[in-house]
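Fold and contact review
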Amino acid sequence: EREPVGAVFTKPEIVRLMLDLVGYRLGKGRLAQKRVLEPSCGDGAFITEVVARLAESERRHPKTDWTDPILDDALRAVDISADALKRARGSIIAQLAGAGCPEKRARDLAERWTLRTDFLLAEWPTKFDLVVGNPPYVRIEDLPKRLLLRYREIFETTTDRADLYVAFFERGLELLGRRAVLAFICANRFAKIGGEQVPFAAV
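Reference entry: report on the structure contained in this document. Predicted model, so just to flag it, every value in this text is computed and none were measured.

This brings us to the packing of aromatic side chains. For the structure on display, the rule yields six aromatic pairs. Geometrically, the ring pair formed by Phe-119 and Trp-124 is tilted, given 5.9 Å between the ring centres and 50 degrees between the ring planes. Among the residues examined, Phe-119 registers a relative accessible area of 1% and is labelled buried. Trp-124 gets classed as buried once you look at its relative accessible area, which sits at 13%. Ring centres of Tyr-137 and Tyr-165 lie 5.1 Å apart, and the angle between their planes is 45 degrees; on these two criteria the pair is classed as tilted. On the criterion of sequence distance, the pair formed by Tyr-137 in the loop between strand 4 (128-133) and helix 5 (145-154) and Tyr-165 in helix 6 (residues 164-174) is long-range, its members being 28 residues apart. Over the aromatic face of Phe-128 sits the side chain of Arg-35, whose NZ or CZ is 4.8 Å from the ring centroid.

Thresholds, definitions, all that
- Residues numbered from 1 in each chain as written.
- Predicted model: local features only at pLDDT ≥ 70, side-chain atom pairs only at ≥ 80, totals over all residues.
- Heavy atoms only, no water.
- Phe/Tyr/Trp six-rings, centres within 6.5 Å; stacked < 30°, edge-to-face > 60°.
- Buried < 20%, exposed > 50% of the residue type's maximum accessible area, 1.4 Å probe, protein only.
- Helix = DSSP H or I, 4+ residues; strand = E, 2+ residues; numbered from the N terminus.
- Lys NZ or Arg CZ within 6 Å of the ring centre and 35° of its normal.

None of the figures reported here should be taken as evidence of function without further support.
See below:
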């Protein structure tokens, strides 16, 4: 079976390091209070670790209540691949059930937390506390022409030969709430594309 377009798989130790660096770790309060967005979940490297930490945080919570509505918005994992999201949902259900979450609630959360859509074109009515992941690496010339034109209408950074992950940066930064953090794995080419400076700064 062909790998998803632009997929670059992430080592678990890198995922753990990134989540530690952005403060999504045990001992930092109730993790369910932070809204996490993974805009290109792919093989599930990030969401597997996010759910593991979230479930352990709930287990340690003095009043563990899997029906608490705060959990409904604790995570959004996005991908355009139905197969990837099917695997992600199965993993989420198994992790939550293993942590003591009732199966029906685990299935409900898995459905709520996963979304099949184009992250760059979707409407996002809320902001997030953490946007984290490994965005797809797709050369601009490999995109369907109509889709490329649409991206260029929306994103200032899709100029010249900027790879698709640059648009993920722009959209992700737009979705950050107050005192929120974006953490992406990326090549250092984003700083200079085709000899021209990309019109945004990474901080």
